[in-house]
Amino acid sequence: MPSFSPLEWPVVRQLRSGDVFGRGPAVTSKHTRAVEPRTATADRIVQSVCPFCAVGCGQKVFVKDGRVTQIEGDPDSPISRGRLCPKGASSEQLVNNPMRQTTIRYRPPYATDWQDLDLDTAIDMIADRFVESRANTWQERDEQGRILRRTMGIASLGGATLDNEENYLIKKLFTAAGAIQIENQARI
């Protein structure tokens, strides 16, 4: 069992060092002085944008050995000036969560279990269903013969994490496909 000298007691260290208010080196241990922040050992720092809402707060993503080790607010961001809300501050937990799904999961109709799909298969399934739904629900004209050129079988509900450019492209795609039910979660 290590012996502790009374000269190393925090109050004695405080008085000996002249640290009157006990906010300086008198109250830090050897262990505390040896601790480095996770950001100091990062291989690289990547600028990013918070994924949680449409505000677009800037983030600095600290990466070591190809793995995200820390995410902090970016002081160079004109939007957030280095600040993050509680959800934005938890972004690292979102990225490194062991429960995070990293594969495409599909549950066929009436099945009880999920199965993994590769990306090409999933995209082909979505595209086929999109085209089929559009073809089956296409309305060229109404009862009075007026031109409609629309489908009521396709709708889009965007998320608040999409930026203006993504929303613009989604709106353009769905409008070109004839959909008129285009909405965004941020506006609801």
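An unreviewed UniProt entry lists the protein under the name Molybdopterin oxidoreductase Fe4S4 region, from Gordonia bronchialis. Of the comments in the UniProt record for the protein, the one headed Cofactor (unreviewed entry) reads "[4Fe-4S] cluster".

Caption draft 1: Representation of the packing of aromatic side chains within the structure. According to the stated counting rule, one finds one aromatic pair in the structure shown. Seen from their ring centres, Phe130 and Phe174 are 5.7 Å apart, and the 75° between their planes marks the pair as edge-to-face. Here Phe130 is found in helix α5 (residues 119-137), whereas its partner Phe174 is found in helix α6 (residues 164-176), with 44 residues between them in sequence. A relative accessible area of 25% means that Phe130 is categorised as partly exposed. Note that Arg134 overlies the ring of Trp138, its terminal NZ or CZ placed 4.4 Å from the centroid.

Caption draft 2: Examining the side chain of Gln70 more closely. Tracing the backbone shows Gln70 in strand β3 (residues 67-73). Residues in contact with Gln70, not counting those within four places in the same chain, are Arg38, Thr39, Lys60, Val61, Phe62 and Glu92.

Caption draft 3: Expanded view of the domain arrangement of the protein. Examined at the domain level, the protein breaks down into domain 1 (1-35), domain 2 (44-96) and domain 3 (118-187). For domain 2 versus domain 3, the separation of C-alpha centres amounts to 32 Å.

Thresholds, definitions, all that
- Residues numbered from 1 in each chain as written.
- Predicted model: local features only at pLDDT ≥ 70, side-chain atom pairs only at ≥ 80, totals over all residues.
- Heavy atoms only, no water.
- UniProt positions renumbered as here; feature names shortened; annotations may be inferred.
- Phe/Tyr/Trp six-rings, centres within 6.5 Å; stacked < 30°, edge-to-face > 60°.
- Helix = DSSP H or I, 4+ residues; strand = E, 2+ residues; numbered from the N terminus.
- Buried < 20%, exposed > 50% of the residue type's maximum accessible area, 1.4 Å probe, protein only.
- Lys NZ or Arg CZ within 6 Å of the ring centre and 35° of its normal.
- Contact = heavy atoms within 4.5 Å.
- Domains from an automatic or database assignment.

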